Amino acid sequence: MEEKMEVKITARHIDLSKNLKEYIEGEVERLSKIYDRTIDTHVILDKETHSQYSVEIIINVPKKQLVIKQKADDETKAIDEAMEKMVRQLKKYKEKLRQ
């Protein structure tokens, strides 16, 4: 039986709609397919100014914590760019383990 990774989503200064929550959960699910030994993930979405959003993704993996921060003028764009950075970081981490 496969264990489901714990995902925590925090929204600061912004209402977290059901669609946005589901979108983030879908993106995190994609990350778990890259590296399946992820312990938990915390996504922090913050509306910093009228048109500035930041996303921080914190993933705990065995013996390490991976952290990505990204800013953009749109919440979805910030999430997408942060997820792409985390994909690269997870792949790098996974490759290091193989060595």
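Coordinates for the structure precede this section.
Residues numbered from 1 in each chain as written. Predicted model: local features only at pLDDT ≥ 70, side-chain atom pairs only at ≥ 80, totals over all residues. Heavy atoms only, no water.

K.L.:
When you look at the packing of helix 1 (residues 18-34) against helix 2 (residues 75-98) in this model, what are you seeing that I'm missing?
P.N.:
Each pair of packed helices gets described by two things: the angle between the helix axes and the distance between those axes. At a minimum axis distance of 10 Å, the contact between helix 1 and helix 2 shows a crossing angle of 15°. One finds that helix 1 runs roughly parallel with respect to helix 2. Crossing of helix 1 over helix 2 shows right-handed handedness. Contacts from L20, Y23, I24, E27, V28, R30, L31 and I34 in helix 1 reach E75, T76, I79, D80, M83, E84, M86, V87, L90, K91 and K94 in helix 2. For the contact of helix 1 with helix 2, the class distribution of residues is 11 nonpolar, 1 polar and 7 charged. (Axes fitted to C-alpha atoms, helices over the stretch in contact; angles between N-to-C directions. Helix = DSSP H or I, 4+ residues; strand = E, 2+ residues; numbered from the N terminus. Parallel < 35°, antiparallel > 145°, perpendicular 65-115°, else oblique. Left-handed = near helix turned anticlockwise from the far one by under 90°. Contact = heavy atoms within 4.5 Å. Nonpolar A, V, L, I, M, F, W, Y, C, P; charged D, E, K, R; others polar.)

K.L.:
How should the sheet that holds strand 4 (residues 64-72) be read in this particular structure?
P.N.:
Strand pairing in a sheet relies on backbone hydrogen bonds. The paired strands run either parallel or antiparallel. A sheet is described by the order of its strands in space; here 4 strands give the open sequence 1-2-3-4, paired in mixed fashion. The two strands at the open ends of the sheet, each matched to only one other strand, are strand 1 (6-12) and strand 4. For this sheet, the mean inter-axis angle between neighbouring strands, taken without regard to orientation, is 10°. Two elements, strand 3 (residues 52-61) and strand 4, share 9 bridges in a ladder whose sense is antiparallel. Paired with E56 across the two strands is K69, which belongs to strand 4. (Pairing = 2+ DSSP bridges.)

K.L.:
Quick question: what am I supposed to make of the pairing of strand 1 here?
P.N.:
A regular strand places its side chains so that they alternate between the two faces of the sheet. Note: strand 1 against strand 2 (residues 40-49), 7 bridges, orientation parallel. Residue pairing across strands places I9 opposite V43, the latter belonging to strand 2. Where the polypeptide runs from strand 1 across helix 1 and back to strand 2, its parallel neighbour, the crossover connection is left-handed. (Right-handed = clockwise from strand over helix to strand, strands pointing away.)

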